[in-house]
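Residues per chain, in single letters:
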Amino acid sequence: MRSVYNTPVKKKRRSTRFSTASVISDVADRAGVSTATVSRVINSPELVADATAERVRRAMDELDYRPNLFAKGLITRSTGVLGVILPDFHGEFYGALLQAADAEARRAGYNLIVASDARPDSADAAQSLPVHFLDGVIAFVPFPNDALVRSIGDLSISAVLIDAQQELEGTDRSSIDNTSCATAAVRHLVERTDADDCFHVGGPETNYDSIDRAEAFRAVLRERGASGSDDRVASGEFSIDWGYRWALDTLTTRTGRPTAVFAGNDDIAVGVLNAARQLGVACPDRLRIVGFDGSRVSAASSPKLSTVQVPLAEIGTKAVQMCVRHIADPTINPSHAVVPTRLAVHASS
């Protein structure tokens, strides 16, 4: 009986595509330097002369070399990876914020890993990230979510909370200035429309931004002595469909009366405009409306939408800067950055 142990086995050719050792040697050969110099360019570029570092980076590009982040982490105690937690991937708001965060992270020498979970009081998004592989985490928390905030605190790494009203010891926070420009938007509307004919069509009633914007609306109506301001606040979704449905139900009962609407975001405002057009309610003659966000949909609407402009790119950029700052120096005191907004008045109001 023939022994299988002596049967020659054809070895598979080893791919160098994922072999850090062989590829780093190729980079060193191509750049005319040692592998130690290549490693320094990756891990401590400040220790390498600019001309040499540029030669190494050019060789890395030519060979399509990508550093092994796990191996790098073993050497530097840093992987150069930040986790980002969003409640949703959908829509321009999160897309613009994430794009700016990614650009700033790359500028600072970091990469992003993104997770999403829109369920209330769920910590799954944080727990689905490779937490032992992260230098820091940025979480957008627009709804009450104690489980998620606790889970982030348990990571014991640099963290930034965006929009969260819960405070987490040692953690930076960033939020949108909802109140000042929401107040300016409503005051703008009541200049030419009686306060009793003003409405706020907002997003989800538990959303922190929705709460702030609705309260600003109520405060201005109280300034003007309007009664029953709560009757003119409607909560729903940050969607065109919600604005459209609200307008169909409401504008049909207001025959001949002027109406002013402060919308919770631009999508809601566009939904209201669509319904008004269908019902033959002219804007801005019988309907005046202001949105919130300053999204691309506001510029494309007809008439052009007045809106509170939110610098989405600044929110993403600032969050990464705060996170990286704390990674570099964990002893610094946490801060709370409030990103300013601006009212832009156009044809719709």
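Residues numbered from 1 in each chain as written. Predicted model: local features only at pLDDT ≥ 70, side-chain atom pairs only at ≥ 80, totals over all residues. Heavy atoms only, no water.

**A closer look at the pairing of strand 11 (residues 336–339)**
Stated formally: Residue exposure (1.4 Å probe, protein chains only): buried if accessible area is under 20% of the type maximum, exposed if over 50%, otherwise partly exposed. Think of it this way: any DSSP run of H or I at least four residues long counts as a helix, any run of E at least two long counts as a strand, and we number them from the N terminus. Any two strands with at least two DSSP bridges between them are considered paired.
Taking every second residue as pointing to the same face, the buried face of strand 11 carries Ala-337 and Val-339, while none of His-336 and Val-338 on the other face is buried. The pairing of strand 5 (residues 172–176) with strand 11 spans four bridges and is parallel. Along strand 11, the bridge assignment pairs Ile-176 with Val-339.

**Thoughts on the nonpolar core**
The line we're drawing: Think of a nonpolar core as a cluster: buried Ala, Val, Leu, Ile, Met, Phe, Trp, Tyr and Cys residues, connected wherever their side-chain atoms sit within 4.5 Å. We call two residues contacting when some pair of their heavy atoms lies within 4.5 Å.
With 45 residues, the main nonpolar core has Phe-262 and Ile-315 as its most contacted residues. A total of seven residues in this core trace back to one element, the largest contributor, which is helix 13 (residues 312–328). Not counting chain neighbours up to four residues away, the residues in contact with Ile-315 comprise Leu-97, Ile-162, Ile-176, Val-310 and Val-339. Of all hydrophobic cores here, the second largest spans 20 residues; its members include Trp-246, Ala-247, Val-261 and Ile-289.

**Topic: the pattern of salt bridges**
Going by this rule: Between Lys or Arg on one side and Asp or Glu on the other, a salt bridge is scored when a side-chain nitrogen of the former is within 4 Å of a carboxyl oxygen of the latter.
Under the criterion given, the structure shown has 12 salt bridges. Arg-58 is paired through a salt bridge with Glu-54; the nearest N and O atoms lie 4.0 Å apart. Of this pair, Arg-58 and Glu-54 both sit in helix 3 (residues 50–62), separated by four residues, roughly a single helical turn. Judged by its relative accessible area of 42%, Arg-58 falls in the partly exposed class. Judged by relative accessible area, Glu-54 falls into the partly exposed class, the value being 41%. Among the ionic contacts, a cluster of salt bridges with common partners joins Asp-197, Arg-254 and Arg-257.

**With respect to unusual backbone geometry**
The amide bond that connects Cys-283 to the next residue, Pro-284, takes the cis arrangement and shows omega of 15°. Residue placement: Pro-284 occurs in the loop between helix 11 (266–279) and strand 9 (287–293). Residue Ser-302 is joined to Pro-303 through a cis peptide bond whose omega torsion reads 0°. Along the chain, the position of Pro-303 falls in the loop between helix 12 (296–300) and strand 10 (306–309). Positive phi is not limited to glycine here, since Asp-163 has a value of about 75°. Topologically, Asp-163 is positioned in the loop between strand 4 (158–162) and strand 5. Taking relative accessible area as the criterion, Asp-163 reaches 5% and is therefore assigned buried. In this structure, Asp-293 is a non-glycine residue whose phi angle is positive, near 130°. Relative to the helices and strands, Asp-293 resides in strand 9.

**Things to note about the packing of helix 8 (residues 178–190) against helix 9 (residues 208–223)**
The cut-off we apply is this: Interaxial angle, 0 to 180 degrees, is taken between N-to-C directions of lines fitted to C-alpha atoms, where a helix line uses only the stretch in contact. An angle below 35 degrees is treated as roughly parallel, one above 145 as roughly antiparallel, one from 65 to 115 as roughly perpendicular, and anything else as oblique. For any helix crossing, the convention is left-handed if the near helix is rotated counterclockwise from the far helix by under a right angle, and right-handed if that rotation is clockwise.
Between helix 8 and helix 9, the least distance of the axes is 8 Å, while the angle of their chain directions is 40°. By the angle between their directions, the pair helix 8 and helix 9 is classed as oblique. The handedness of the crossing between helix 8 and helix 9 is right-handed. On helix 9, the residues touching Asn-178, Thr-179, Ala-182, Thr-183, Val-186, Arg-187 and Val-190 of helix 8 are Asp-209, Asp-212, Arg-213, Ala-216, Phe-217, Val-220, Leu-221 and Glu-223.

**Considerations on helix 11**
Where we set the bar: Given the number of residues in a helix, its expected span is that number minus one, multiplied by 1.5 Å. Between N or O atoms, a polar contact is any pair within 3.5 Å; within protein, one atom must be a potential hydrogen donor and the other a potential acceptor, and residues adjacent in sequence are included only when both atoms are from side chains.
Between its first and last C-alpha atoms helix 11 spans 20 Å; for 14 residues at 1.5 Å apiece the expected length is 20 Å, and the two agree. Of the positions making up helix 11, those classed as buried are Asp-266, Ile-268, Ala-269, Val-270, Gly-271, Val-272, Leu-273, Ala-275 and Ala-276. Tucked inside the fold, the buried residues of helix 11 contact strand 6 (198–202), helix 10 (240–251), strand 8 (259–263), strand 9, helix 12 and strand 10. At the N-terminal end of helix 11, a side-chain oxygen is found 3.3 Å from the backbone nitrogen of Asp-267, two or three residues along, and the residue is Asn-265. Note on helix 11: the residue one or two positions beyond its end, Gly-280, has a positive phi of about 75°.

**Side note on the sheet that holds strand 12 (residues 342–344)**
The pairing of strands in a sheet happens through backbone hydrogen bonds and is either parallel or antiparallel. Strand order in the open sheet formed by six strands is 7-6-8-9-10-12, with mixed pairing between adjacent strands. The two strands at the open ends of the sheet, each matched to only one other strand, are strand 7 (233–235) and strand 12. Sheet twist, expressed as the mean angle between neighbouring strand axes with direction ignored, is 15°. Pairing geometry for strand 9 and strand 10, over four bridges, is parallel. Note on strand 10: the bridge partner recorded for Val-290 is Ser-306.

Note that all results are geometric; they support no functional claim without further evidence.
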